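Structural overview
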Amino acid sequence: MIEQYRTAISGQLTPPCDRACSQCGLNCGAGLDLPLIKGLKEVKIVSPPKGQHKIKVRACFSKTGVLRDLSHLELSHLILRALRRAGVKVAYSQGFNPAPLVSFSPPLSVGVQGLNEYFDMEVFGQIDIKLTMQSLNNTLPEGVQISEMALIPFNSPSLTGFIRRYDYLINTNRPIENAKVFSEHELTIYRDSKEIDLRANIYELKKVSESSVHLSLIDRDSQRARLAEILKVIFGCELSDI
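Read on for an overview of the structure. (Residues numbered from 1 in each chain as written. Predicted model: local features only at pLDDT ≥ 70, side-chain atom pairs only at ≥ 80, totals over all residues. Heavy atoms only, no water.)

Let us look at helix 5 (residues 227–235). Taken across its nine residues, helix 5 has seven buried, putting it largely inside the fold. Among the residues trailing helix 5, Gly236 stands out with phi positive, at a value near 70 degrees. (Buried < 20%, exposed > 50% of the residue type's maximum accessible area, 1.4 Å probe, protein only. Helix = DSSP H or I, 4+ residues; strand = E, 2+ residues; numbered from the N terminus.)

Next up, the structure:
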């Protein structure tokens, strides 16, 4: 540990295990036969060519099938890996911890399919929208596919800033437990020890058939819509049981 501390203070680089042993204590010898490091290639971070400008792209995609159970974090990792595999030159933030300049629309609840989800990305140079979309779809797994992609101005509002309404089609055989959802009565619950009225977040609710309901939610300045809370009031059960 002391030797590693001195190495860090002096700014020296620790060579890869396939080139030299740094005596880390794993007793792996020279490390040349370890399966995890066989075939490792040196990764270099390069800056974009001078004079190359960034553009902003917005993509619409779907998350269906078994991949509806992906969390928002897992979904973002999946998209970022697909961008790397497709060779999209995504721009990165500056500083000690550069991050890809990719932002996503408000997250879906785990287990909910999404037909119109969005992400924005900043990329270097001009790109062929059609070819880029095709390359991404070829690298994405079944269940996540991009349906549209377009250039947008840099001063466009962020996805989380302007998306305020969410439309859901709920297919279930469960009956509606609370008849008040079709009236003007308050739908009061407690959230974080505070009393709130969910009625403010229900923009529209109507039965499409005996086994399906269309629900439209909207965010208010004072409170955000939470699908799981509202479904529990409507159907009297958890989101995972619908």
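Further notes follow.
Attention now moves to the sheet that holds strand 4 (residues 144–152). Spatially, 2-3-1-4 is the arrangement adopted by the four strands of the open sheet, whose pairing is antiparallel. Every interior strand has two partners, whereas the edge strands, strand 2 (102–104) and strand 4, have only one. On average, each strand axis in the sheet is inclined to that of its neighbour by 20 degrees, with strand direction left out of account. Pairing of strand 2 with strand 3 (residues 114–124) involves three bridges; the strand directions are antiparallel. Among the inter-strand pairings, Val102 is bridged to a residue of strand 3, identified as Met121. Along the sheet, helix 2 (residues 72–85) contacts strand 1 (54–63), strand 2, strand 3 and strand 4; its crossing angle with strand 2, the most-contacted strand, is approximately 145 degrees. Most of the contacts of helix 3 (residues 129–139) go to strand 4, to which it runs at about 155 degrees, and overall it touches strand 1 and strand 4. (Pairing = 2+ DSSP bridges. Axes fitted to C-alpha atoms, helices over the stretch in contact; angles between N-to-C directions. Contact = heavy atoms within 4.5 Å.)

The next thing to look at is the packing of aromatic side chains. In the structure shown here, the tally under the stated rule is two aromatic pairs. Connected via pairs of aromatic rings, a cluster forms that spans Phe61, Phe104 and Phe119. (Phe/Tyr/Trp six-rings, centres within 6.5 Å; stacked < 30°, edge-to-face > 60°.)

What follows concerns the sheet that holds strand 5 (residues 165–171). Taken together, the three strands give an open sheet; going across it, the order is 5-9-8, and neighbouring strands pair in antiparallel fashion. A strand with exactly one partner marks an edge of an open sheet, and here the two such strands are strand 5 and strand 8 (202–209). The mean angle between the axes of side-by-side strands here comes to 15 degrees, regardless of whether they run parallel or antiparallel. Judged from the six bridges that link them, strand 8 and strand 9 (residues 212–218) form a sheet pairing that is antiparallel. Its bridge partner being in strand 9, Leu205 is matched across the sheet by Leu215. Lying over the sheet, helix 5 contacts strand 5, strand 8 and strand 9, oriented at roughly 135 degrees with respect to strand 9.

So, on to the pairing of strand 1. The buried count for strand 1 comes to nine of ten residues, which makes it a mostly enclosed element. Bridging between strand 1 and strand 3 involves nine bridges; their strand directions are antiparallel. Paired with Lys54 across the two strands is Phe124, which belongs to strand 3.

Turning our attention to the environment of Ile242. With respect to the helices, strands and loops of the structure, Ile242 is situated in the segment after helix 5. The class for Ile242 is partly exposed, based on a relative accessible area of 30%. Separated by 71 residues in the primary sequence, Ile242 and Asn171 place their C-alpha atoms 8.1 Å from one another. Once residues within four sequence positions are removed from consideration, Ile242 is found in contact with Ile170, Thr172, Leu231, Phe235 and Cys237.

With that out of the way, let us pick up helix 2. Compared with the 20 Å implied by 1.5 Å per residue over 14 residues, the 20 Å span of helix 2 between its first and last C-alpha is a close match. Of all the residues in helix 2, the buried ones are Leu75, Ser76, Leu78, Ile79, Leu80, Ala82 and Leu83. Elements in contact with the buried residues of helix 2: strand 1, strand 2, strand 3, helix 3 and strand 4. Positive phi shows up at Gly87, right after helix 2, with a value of about 75 degrees. (Expected span 1.5 Å × (residues − 1).)

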